[in-house]
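# Descriptive structure summary
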Amino acid sequence: HYTKDYFPLVTKHIIDTIFDYQRGKTETYFKDNNSQVLCVIDELPTITRDGRGKPTAATETISDLAAAGRYHRIGLVAATQNYSLNPPRIIQNTDFLLCFNQAKDEEAKQIGRDFNLSKDWVGRIKELKTFECVAMTRSSPFVVYTVFGVRTETMGPVEGIVLPPLNQHSAPRKTGNI
């Protein structure tokens, strides 16, 4: 039987196991072959904060992953609608951020402070439309390709449009004379 209380414990165990394999403590295959792992966590604050906003069993482990995972060939992709609810060590170790519309003024301002954005950019992330996002970085440049295949690098924020999901949550609508 699933309860929210068990999920952080299971997540902690999985990440600890990945760390053990990547370090070669449990099995040397992954370390010997320089294997890389990408951990993707959706709605991160629901795993790192309990119902009262306190840290869970997984908070420190996921924070360690954000801080030291790269050394062990482990990457972290964390998704959340509430950036400010991420643990401080995860925020401090976030080098790249894809930001969609931030309806809450304080969320947009914190992202602006953390990624050194101008007031103009903070305003823009509050007005993004569906599928629009702003990609930003703290320390490493983004590699950007134009529609003509020209490669450039930039440290500044990049505004773009993501591809919509291909799954269907509702039946397609008929458009035009098709």
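Here, every reference points to the structure presented above.
Residues numbered from 1 in each chain as written. Predicted model: local features only at pLDDT ≥ 70, side-chain atom pairs only at ≥ 80, totals over all residues. Heavy atoms only, no water.

### Points about helix α6 (residues 105-114)
Those residues of α6 that sit buried are E107, A108, Q110, I111 and G112. Here the buried face of α6 lies against α5 (88-92), β3 (96-99), α7 (119-125) and β4 (132-137). Positive backbone phi, approximately 55°, marks N116, located one or two places after α6. (Buried < 20%, exposed > 50% of the residue type's maximum accessible area, 1.4 Å probe, protein only. Helix = DSSP H or I, 4+ residues; strand = E, 2+ residues; numbered from the N terminus. Contact = heavy atoms within 4.5 Å.)

### Observations concerning the side chain of E132
Relative to the helices and strands, E132 resides in strand β4. Reaching out from E132, the side chain makes a polar contact with the backbone nitrogen of K129 at a distance of 2.8 Å. Discounting chain neighbours no more than four positions away, the residues touching E132 are C99, F100, E159, G160 and I161. (Polar contact = N/O pair within 3.5 Å; in protein donor to acceptor, adjacent residues only side chain to side chain.)

### What about the packing of helix α1 (residues 6-23) against helix α4 (residues 59-68)?
Contact geometry for α1 and α4: axes closest at 9 Å, N-to-C directions at 35°. Seen from above, α1 lies across α4 with left-handed handedness. Contacts from T11, K12, I15, D16 and F19 of α1 reach α4 at T61, I62, D64 and L65. By residue class, the composition of the contact of α1 with α4 is 4 nonpolar, 2 polar and 3 charged. (Axes fitted to C-alpha atoms, helices over the stretch in contact; angles between N-to-C directions. Left-handed = near helix turned anticlockwise from the far one by under 90°. Nonpolar A, V, L, I, M, F, W, Y, C, P; charged D, E, K, R; others polar.)

### Some details on the packing of aromatic side chains
Counted by the stated rule, this structure contains 3 aromatic pairs. Cluster of aromatic residues (ring-pair linked, three or more members): Y21, Y29 and F30. (Phe/Tyr/Trp six-rings, centres within 6.5 Å; stacked < 30°, edge-to-face > 60°.)

### Description of the layout of surface pockets
Of the voids in this model, the largest pocket is the one considered here, and its volume is about 1,200 Å³. The wall of the largest pocket is formed by 37 residues, among which L76, V77, A78, T94 and F96 lie closest to the centre. For the lining of the largest pocket, the elements supplying multiple residues, two or more each, are β1 (37-42), α4, β2 (74-79), α5, β3 and α6. Per-element accounting of the lining of the largest pocket gives the leading share, 6 residues, to β2. (1 Å grid on protein atoms, 1.4 Å probe; cavity = no way out; pocket = protein on both sides within 12 Å on 5 of 7 lines; lining within 4 Å. Points joined across faces, edges and corners; volume = space filled by probe spheres on them.)

### Points about the pairing of strand β6 (residues 151-154)
Pairing geometry for strand β5 (residues 142-145) and β6, over 4 bridges, is antiparallel. What sits directly across from Y145, in β6, is R151. Linking two consecutive strands that pair antiparallel, namely β5 and β6, is a turn of 5 residues; a positive phi of about 85° is found at G149 within it. (Pairing = 2+ DSSP bridges.)

### Notes on the sheet that holds strand β7 (residues 158-161)
Sheet strands line up and pair through hydrogen bonds in the backbone, either parallel or antiparallel. Spatially, the 3 strands line up as an open sheet ordered β3-β4-β7, and their pairing is antiparallel. The strands lining the two open edges of the sheet, one partner per strand, are β3 and β7. Between one strand axis and the next, the sheet turns by 25° as a mean value, whatever way the strands run. Of the pairings in the sheet, the one linking β3 to β4 comprises 4 bridges and is antiparallel in character. Within the sheet, the bridge partner assigned to C99 lies in β4 and is V134.

### A word on the pattern of salt bridges
For the structure on display, the rule yields 9 salt bridges. Across the salt bridge formed by R89 and D64, the nearest N and O atoms sit 2.9 Å from each other. Separated by 25 residues along the polypeptide, R89 in helix α5 and D64 in helix α4 bring together distant segments of the chain. Residue D64 is classed as partly exposed on the basis of its relative accessible area of 29%. (Salt bridge = Lys/Arg side-chain N within 4 Å of Asp/Glu carboxyl O.)

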